[in-house]
Amino acid sequence: MAVAVEKQEPVQQLLKQGAEGKLYIGTYKGNRCLVKERFEKKYRHPALDRQLTRQRIKAEQKAFQRCAAAGLSTPALYGVDLEQRKIYMEYLERSRTAKEFIDELTATTPADALSESAQLKQLAEQIGHMVGVLHRNNLVHGDLTTSNMLLDPVEKGAEESVFPYRLVTIDFGLSHFSDNHENKGVDLYVLERAILSAHSQLPGLFGMILEAYREHNTNHCKETIAKYEEVRARGRKRTMVG
């Protein structure tokens, strides 16, 4: 069931616009928040577009709820407005994407020291844990990239942490519930391709992520890995054939 949303103040600052919608900084009950708006697709019949949009928003809402139940970090979901096609969620002002973090790390760390970077290993562990828990709970993200992962600063303990962040998963616009091993394998393949594309200087990063994934996905992990390898082989064949 959709969460009821009271009438909100007009959205303010456009942060990002993609093929599926716009992301704004707006307000929710007087507090700053992120507003995700799925705009109308003019090439669709209005009734079909409205139906598909409502389904997508509801699926995204359920993904937030399932992540919370599984103990994964996401922005807090404040509410949805199906009529206005909007999702209201927490704005993590101090966070940055995992992609930005990796880009900065590779720019400031000597190439021969990257593979031994404690920060990179911690990040890989957190990503592998997150994807493993998603798949253990039969949730397929659909768009796993380092741009869809936020690093939110946390307070350091008595021991100075080399990686004082929590990993926050975002953008569930393509997510769906599935116990199909191939769907999960495709999810892994999408992540691998995204990492190789965005972080080509770190060829070992996905391997570190996969190692942590195996530890945290206890729901038919071997079958999922086998399907990932099949999907990967098909992808390589298509690349070779052209």
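Refer to the structure printed above.
Reading the values: rules and limits
- Position numbers for residues count from 1 along each chain, tracking the sequence in the order it is written.
- At least 70 in pLDDT is required for a residue's local features to be given in this predicted model, at least 80 for side-chain atom pairs to be given and counted, and no such filter applies to totals for whole chains, interfaces and linings, which use all residues.
- With hydrogens and water stripped out, all remaining heavy atoms of the structure feed into the side-chain values.
- We call a residue buried when its accessible area falls under 20% of the maximum for its residue type, exposed when it is over 50%, and partly exposed in between, using a 1.4 Å probe and counting protein chains only.
- Helix and strand labels come from DSSP, where a helix needs a run of H or I of at least four residues and a strand needs a run of E of at least two; each type is numbered from the N terminus.
- Here the rule is simple: two strands pair whenever DSSP picks up at least two bridges between them.
- Where helices are involved, their axes are fitted lines through C-alpha atoms of the stretch in contact, as for all axes, and angles between N-to-C directions lie from 0 to 180°.
- Two cysteine sulfur atoms make up a disulfide if the distance between them is within 2.5 Å.
- Here the nonpolar core consists of buried residues drawn from Ala, Val, Leu, Ile, Met, Phe, Trp, Tyr and Cys, with membership extended through side-chain atoms lying within 4.5 Å.
- For the purposes of this description, domain bounds are those given by an automatic or database domain assignment.

Visitor: Just checking my understanding: could you explain the pairing of strand β3 (residues 31-37) for this structure?
Guide: The side chains of a regular strand alternate, first on one face of the sheet and then on the other. Across the seven residues that make up β3, a large majority, five, are buried. In the sheet, strand β2 (residues 22-28) pairs with β3 via seven bridges, with the strands oriented antiparallel. From the neighbouring strand, leucine 23 faces β3, where its bridge partner is lysine 36. Counting the residues between successive antiparallel strands, the hairpin from β2 to β3 contains two residues, one of them, lysine 29, with a positive phi of roughly 50 degrees. Pairing of β3 with strand β5 (residues 86-89) involves four bridges; the strand directions are antiparallel. Its bridge partner being in β5, valine 35 is matched across the sheet by tyrosine 88.

Visitor: Please clarify how the sheet that holds β3 should be interpreted in this entry.
Guide: Backbone-to-backbone hydrogen bonds pair the strands of a sheet. The strands run either parallel or antiparallel. With antiparallel pairing, the five strands of this open sheet are ordered in space as β1-β2-β3-β5-β4. The sheet is open, and its two borders are formed by β1 (13-17) and β4 (77-81), each paired with just one other strand. Neighbouring strand axes in the sheet, compared pairwise and without regard to direction, differ in orientation by 30 degrees on average. Pairing of β4 with β5 involves four bridges; the strand directions are antiparallel. When the bridges of β5 are listed, glycine 79 appears paired with tyrosine 88.

Visitor: Could you clarify how one ought to interpret the state of the cysteines in this entry?
Guide: Working definition: the covalent bond between the sulfur atoms of two cysteines is a disulfide. Within the structure shown, the criterion is met by zero disulfides. Between cysteine 33, a cysteine without a disulfide, and cysteine 67, which holds the nearest cysteine sulfur, the sulfur-to-sulfur distance is 19 Å. Cysteine 33 gets classed as buried once you look at its relative accessible area, which sits at 0%. Free of any disulfide, cysteine 221 has its nearest cysteine sulfur in cysteine 67, 18 Å distant. On the basis of relative accessibility, which here comes to 12%, the residue cysteine 221 falls in the buried class.

Visitor: Sorry if this is basic, but what is going on with unusual backbone geometry here?
Guide: Outside of glycine, negative phi angles account for most residues, and trans bonds account for most peptide bonds. Phi at lysine 29 is positive, roughly 50 degrees, even though this residue is not glycine. For lysine 29, the position within the fold is in the loop between β2 and β3. Positioned with a positive phi, arginine 85 is a non-glycine residue whose angle comes to about 60 degrees. You can see arginine 85 is positioned in the loop between β4 and β5.

Visitor: What is the right way to read the nonpolar core from this model?
Guide: One broad rule of soluble globular proteins: the nonpolar side chains tend to lie buried together. If you look at the biggest cluster of nonpolar residues, it comprises 46 residues, and the most contacted ones within it are Leu123 and Leu191. No other element matches helix α3 (residues 118-136), which puts eight residues into this core. Counting the residues that make up this core, at least three belong to each of domain 1 (11-88) and domain 2 (94-238).

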